[in-house]
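Descriptive structure summary
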Amino acid sequence: MAAPRVAVVGAGVVGLSTALCIAETCPGCSVAVLSDQFSPNTTSDVAAGMLIPHSCPGTALHVQKQWFRETFTYLFSISNSAEASEAGIHLVFGWQVFKNSPEEELPFWSDVVLGFRPMAEAELRKFPHHRSGQAFTTLKCDCPLYLLWLEKRLRAAGAQLYTRKVSDLWELHSDYNIVVNCAGIGARQLVGDKELFPVRGQVLKVHAPWVKNFVRDGDGSAYIYPGIHSVTLGGTREKDCWSLSPDPGTSKDIFVRCCSLEPSLQGAQVIEVKVGLRPSRQRVRLEKEVLRQGEVKLPVVHNYGHGADGFSLHWGTAIAAARLVGECIAALQSSSSRAKL
């Protein structure tokens, strides 16, 4: 058969990384990314980009850990290269602090990040309202930079990027042999996935170059993530809220909560307020499906529903999705060979 044509729907961090993984691991296939929005207008552009995963109850813990480890290893290699600055990836040390003792003494990702340990008493004195904490070094992506870097890598690998709204996967069957659905929250309408729901997040970007370490309240109510050009303050987790309009009252609450963790932020200048909808479901949907209309078949690979863990898990799930695409290509080639016989 001719070179397989693969369409990846969605241009957030999951879509771009999945497309890149396919282009690099499925030789001979042509890859196109189709999306109505590219950076800087994707949900991924709003994300803080910190590699601190949350456990997803519907996905086996060892699978989540593998995805996180693969993602951390991949981004660590970039952070340790000449491309680190362009890709917006850097190491950052900091603390996760708790008002009450955490349920898990060792989170499942503790041996993937660097130097994980309990906080010393001297460190805890910085956070008088918290009883315990964890210190470690992890990675941060400055999201718009990283997305643009992925786009550059895709073009270098021969992939095509098209601004196009896809309303039905079937509309692609005449031009592509395989479709990969990385539509994020858009998959709710695109494939009718009612298990998918938005979790609205609002963040502030502030100018505070003196803040060098991250701080995260263990209950997720407040976090401070220093980036290359700004510091991200968050956040909110509003389930089933579709509003993309920044709320001034929420911005004020976020600022107050973060100043209680880091009082020096009182002198920070707010640069912008951003809102995004995390594509959430009980588990990441990462699987193959064959759509049929009569005798016509369209192989589809789904990779979406990462919730707040898009950056923490993206490369690991991209590897898994590319493997499924490889299986689809092998099945198409086998079918084509049998047809010739």
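The name an unreviewed UniProt entry gives the chain is D-aspartate oxidase, with Upupa epops as the organism. In UniProt, the chain has this text filed under Function (unreviewed entry): "Selectively catalyzes the oxidative deamination of acidic amino acids. Suppresses the level of D-aspartate in the brain, an amino acid that can act as an agonist for glutamate receptors. Protects the organism from the toxicity of D-amino acids. May also function in the intestine." The heading Sequence similarities (unreviewed entry) in the UniProt record of the chain holds the text "Belongs to the DAMOX/DASOX family."

1. Observations regarding the UniProt feature "binding site: D-dopa" (unreviewed entry) in the chain
Within this structure's numbering, the places UniProt gives as "binding site: D-dopa" (unreviewed entry) are Tyr223 and Arg278. The residue Tyr223 is located in strand β10 (residues 223-226) in this model. Residue Tyr223 is classed as buried on the basis of its relative accessible area, which comes to 10%. In this structure Tyr223 touches Ala48, Val203, Val215, Arg216, Thr232, Leu233, Gly234, Gly235, Cys258 and Arg278, once residues within four positions along its chain are discounted. Residue Arg278 is classed as buried on the basis of its relative accessible area, which comes to 15%.

2. Digging into the pairing of strand β2 (residues 30-35)
Across the 6 residues that make up β2, a large majority, 5, are buried. Judged from the 5 bridges that link them, strand β1 (residues 5-9) and β2 form a sheet pairing that is parallel. Within the sheet, the bridge partner assigned to Ala7 lies in β2 and is Ala32. Where β2 meets strand β6 (residues 160-163), 4 bridges bridge the pair, whose relative direction is parallel. Bridging from a neighbouring strand, Ala32 pairs with Gln160 of β6.

3. Here we look at the nonpolar core
Residues Ile22, Leu75, Tyr146 and Val325 are the most contacted members of the largest nonpolar core, which totals 66 residues. Per-element tally for this core: the top contributor is helix α8 (residues 310-340), with 11 residues. When sequence neighbours within four positions are dropped, the list of residues in contact with Val325 reads Val6, Ile22, Cys26, Ile178, Val180 and Val301. If you look at the next biggest cluster of nonpolar residues, it comprises 22 residues, including Val97, Phe127, Ala208 and Leu265.

4. Remarks on helix α2 (residues 61-79)
If you check α2, its first and last C-alpha atoms are 26 Å apart, about what 19 residues at 1.5 Å a residue would give, namely 27 Å. When α2 is considered as a whole, its buried residues turn out to be Gln64, Trp67, Phe68, Thr71, Phe72, Tyr74, Leu75, Ile78 and Ser79. Along the long axis of α2, the arc covered by the buried residues comes to 165°, so they all point the same way. In this structure, α2 carries His62 and Thr73 as exposed residues pointing more than 90 degrees from its buried face.

5. Brief notes about the side chain of Thr250
Here Thr250 shows up in helix α7 (residues 248-261). Beyond its immediate stretch of four places on either side in the chain, Thr250 contacts Gln202 and Thr236.

6. Examining the pattern of salt bridges
Think of it this way: side chains of opposite charge can pair up when their charged atoms draw near. For the structure shown, the criterion picks out 17 salt bridges. Lys126 is the partner of Glu262 in a salt bridge, and the nearest nitrogen-oxygen pair spans 2.8 Å. In this pair, Glu262 sits in the loop between α7 and β13 (269-280) while Lys126 sits in the loop between α4 (121-124) and β5 (132-141), placing the two residues 136 residues apart along the sequence. Assessed through its relative accessible area of 13%, Glu262 is described here as buried. The partly exposed category is assigned to Lys126, whose relative accessible area is 36%.

Thresholds applied
Residues numbered from 1 in each chain as written. Predicted model: local features only at pLDDT ≥ 70, side-chain atom pairs only at ≥ 80, totals over all residues. Heavy atoms only, no water. UniProt positions renumbered as here; feature names shortened; annotations may be inferred. Helix = DSSP H or I, 4+ residues; strand = E, 2+ residues; numbered from the N terminus. Buried < 20%, exposed > 50% of the residue type's maximum accessible area, 1.4 Å probe, protein only. Contact = heavy atoms within 4.5 Å. Pairing = 2+ DSSP bridges. Core = buried A, V, L, I, M, F, W, Y, C linked by side-chain atoms within 4.5 Å. Expected span 1.5 Å × (residues − 1). Arc of directions from axis to C-beta. Salt bridge = Lys/Arg side-chain N within 4 Å of Asp/Glu carboxyl O.

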